[in-house]
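Fold and contact review
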Amino acid sequence: MKSVHLRSTISGTEYPFARLEEFAENRESLEVAIPGIENARIKQGNRTWERFAEFMPFAETHPELSLGEGSTPLIEASPLLKTYTGVENLLLKNETANPTWSFKDRGSIACSIMAKERGESMTATISTGNMGQSVAAYGARAGLNVLIFLPEFVPLEKILAMAVHGAKIIKVRGADYADIKLRALALASRFGIRIVSGNGPIRVEGYKMEAFELFEALRGDVPDFIVVPTSACGHIRGIFKGFRELFAAGLISRLPRMVVVQAAANSPIASAIHARSDKVIPFRNFTTIAEALSSGNPPGGEEILAKANEFDWLAGVASETEILESQLLYARSGFFVEPGSATTLAALRSLRASGAIKNRDRVVVVLTGSGMKDMDVVNRHAMNIVDCGIDDLERKVENSLARFADR
Ligand SMILES: *Cc1c(COP(=O)(O)O)cnc(C)c1O
């Protein structure tokens, strides 16, 4: 039997599974091909990774490398969110419940397993936030040496969050983030180290687990739409790959349609989908509060455009004002997400209003990351905070209660 290998996602060129470089020579994204996936079966087991082991390219599931990622809650949205978006059948997949508070942990455990099974002692990434923190935490658990490249503008809180796990941080002065990324990725072959980016094929394998969890939570039913805030594109293609493999194995009879959501200020993929282009539309010199979505020209993004075309995906954008509004709405319904994650509500509302999404469609929105890591932006919301001295306490409470009564 043919063994697991990598395949470029548009032209189908094959590469060895162990390849260190994350992209094909022609810069297409790579994906893991698992021969015999049609015969993969769900097994017994307590962990999702055990039950879906036959869908994964690894020899073992390595529970010893886990920090307890995944098995995140799928929750019915509140009436507030249903009314705002106009979608009745709205579910939230809460990825902020992961160990480092974003879905990135699912990709990081996959990379730890890869390193372990390949006998690699080191992992590296380039990131301004969630990715770096996640790789640093999982690297610490797996006993790997972790190297993280950063642009100089990354705020100290984020650097410390990565450094506290013991990662070695290299800050690169005076260069554009996209340039640093390309330069760093190019070091992989030179130094023989696996440098993982947000769209690497091994991380994508970890993101498949989200599809498997949705499949189980919905008892084999498939959502009509899955709404994903998108930047490097690894996450959305991982979820979709998971469903395609369930389909190949005959476990589901249709595929969900994916919805790519980006900030209007930086929408290289969403704009290309709207324009029906097969080329990414690069964005430069943009500013957006959706910092987690800052890939202005994501390598391998053409794969997403090809899939959007083939599988009839949708795309939506949110303006800066809408992102803030959505963040507040999520918070007022109990979920504190970061601005990048908050793009989804506004985009969903427009897609529903245009009729692209129907009222009864079952829609899953992924809450990708926690709001706790970006406090600056939160200061822009109106909040009820009363300052008082101890002798003033009674009067302030009386005032507050009177205000509640007025509501
Ligand atoms: C990384 C990230 C994204 C974007 O995911 P990609 O795989 O890069 O497309 C979205 N939201 C949050 C919170 C993230 O950390």
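So, a few notes on the structure that sits alongside this text. (Residues numbered from 1 in each chain as written. Predicted model: local features only at pLDDT ≥ 70, side-chain atom pairs only at ≥ 80, totals over all residues. Heavy atoms only, no water.)

1. Here's the deal with the sheet that holds strand β9 (residues 195-196)
Strand order in the open sheet made by the four strands is β8-β7-β6-β9, with parallel pairing throughout. The open sheet terminates on both sides in strands that have one partner only, identified here as β8 (168-172) and β9. By the bridge criterion, two bridges tie strand β6 (residues 122-126) to β9 in an arrangement that is parallel. Its bridge partner being in β9, A124 is matched across the sheet by I195. Along the sheet face, helix α5 (residues 156-163) touches β7 (145-151) and β8 and points at about 150 degrees away from the line of β8. (Pairing = 2+ DSSP bridges. Helix = DSSP H or I, 4+ residues; strand = E, 2+ residues; numbered from the N terminus. Contact = heavy atoms within 4.5 Å. Axes fitted to C-alpha atoms, helices over the stretch in contact; angles between N-to-C directions.)

2. Quick word on the side chain of R237
Here R237 is to be found in helix α8 (residues 234-248). Taking the relative accessible area as the measure of exposure, R237 reaches 3% and is therefore buried. Apart from the residues within four sequence positions on either side, R237 is in contact with T9, S29, L30, E31, N199, G200, P201, V204, E303 and I304. (Buried < 20%, exposed > 50% of the residue type's maximum accessible area, 1.4 Å probe, protein only.)

3. Points about the packing of helix α3 (residues 104-118) against helix α4 (residues 130-142)
Axis separation between α3 and α4 bottoms out at 9 Å; the angle between their running directions is 40 degrees. One way to sum up the angle between α3 and α4 is to call them oblique. Here the hand of the crossing between α3 and α4 comes out right-handed. Packed against α3, whose contacting residues are K104, D105, S108, I109 and S112, the element α4 presents N130, M131, S134, V135, Y138 and A142 at the interface. Residue classes in the contact of α3 with α4 are distributed as five nonpolar, four polar and two charged. (Parallel < 35°, antiparallel > 145°, perpendicular 65-115°, else oblique. Left-handed = near helix turned anticlockwise from the far one by under 90°. Nonpolar A, V, L, I, M, F, W, Y, C, P; charged D, E, K, R; others polar.)

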